[in-house]
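Survey of secondary and tertiary structure
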Amino acid sequence: MINLRDEIMLATDARTRAYAKYTEYTVGVALKCKNNKIYYGCNIENGGIQSICAERTAFAKAISEGEREFSHIVIIGGPKDKDPERCLPCGYCRQFMSEFVNKDFKIYTVYDKKVEEYTIEELFPHGFSL
Ligand code: ZN
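No experiment lies behind these values; they were computed from the predicted model shown. (Residues numbered from 1 in each chain as written. Predicted model: local features only at pLDDT ≥ 70, side-chain atom pairs only at ≥ 80, totals over all residues. Heavy atoms only, no water.)

1. Describing the environment of Arg15
Note on placement: Arg15 falls in helix 1 (residues 5-15). C-alpha of Arg15 to C-alpha of Phe128: the two residues are 113 residues apart in sequence and 29 Å apart in space. Here Arg15 is in contact with Thr26, Val27, Gly28, Ile76, Gly77, Gly78, Pro79, Lys82, Asp83 and Pro84, once residues within four sequence places are set aside. (Helix = DSSP H or I, 4+ residues; strand = E, 2+ residues; numbered from the N terminus. Contact = heavy atoms within 4.5 Å.)

Here is the structure:
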């Protein structure tokens, strides 16, 4: 199994900065690029328009910094101030990520001291593409 120690630490830290005043469901992620840089993000809710998930926050940060090659993402989320639970990307994020990653891009969710591994292909096998 891949060593995800840094990503788990960064995602856990990012989760503490989630802006989740409506759902009180906090998520932190760490997105690792193929050049080994890591971008992290949290969910940012909004009462008037669509909220931004942690996954898209991290991708937006990375892409705007010029990154285009991604290795994997670690997702840690759950009810605010509670231990993480199994947390996988929403449909919107699966579609969003599929624009930028290969079929073997790994998605990890960490909870109960365990790591579950998926590929984007497993979670989103038939995405829309122009
Ligand atoms: Zn999402």
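Let's pick the thread back up.
2. Points about the coordination of the zinc ion
Coordination sphere of the zinc ion, protein contribution only: Cys53 (SG), Cys90 (SG) and Cys93 (SG), at 2.2 to 2.3 Å. Counting the intervening residues between successive donors of the zinc ion yields the motif C-x36-C-x2-C. (Donors = N, O, S within 2.8 Å, 3.2 Å for Na, K, Ca; no water.)

3. A few points about the environment of Asn46
Mapped onto the fold, Asn46 is located in the loop between strand 2 (38-42) and helix 2 (54-64). Classification of Asn46 as partly exposed rests on a relative accessible area of 37%. Between the C-alpha atom of Asn46 and that of Tyr22, which follows or precedes it by 24 residues, the distance is 8.0 Å. A distance of 3.0 Å separates a polar atom in the side chain of Asn46 from the backbone nitrogen of Ile49. (Buried < 20%, exposed > 50% of the residue type's maximum accessible area, 1.4 Å probe, protein only. Polar contact = N/O pair within 3.5 Å; in protein donor to acceptor, adjacent residues only side chain to side chain.)

4. Here we look at the pairing of strand 1 (residues 25-33)
Within a regular strand, the side chains alternate between the two sheet faces. Burial runs high along strand 1: eight of the nine residues are buried. Pairing of strand 1 with strand 3 (residues 70-79) involves nine bridges; the strand directions are antiparallel. Each bridged residue has a counterpart across the sheet, and for Val29 the counterpart in strand 3 is Ile75. Pairing analysis gives five bridges linking strand 1 to strand 2, with the strands arranged antiparallel. Residue Gly28 lies in a different strand from strand 2, and its bridge partner there is Cys42. (Pairing = 2+ DSSP bridges.)

5. With respect to helix 1
Regarding helix 1, the residues found buried are Glu7, Ala11, Ala14 and Arg15. Summarising the axial view, the buried residues of helix 1 lie within an arc of 100 degrees, below the 170-degree limit, and thus occupy one face. Residues of helix 1 that are exposed and point more than 90 degrees away from the buried face comprise Arg5 and Met9. Those residues of helix 1 hidden inside the fold are in contact with strand 1, strand 2 and strand 3. (Arc of directions from axis to C-beta.)

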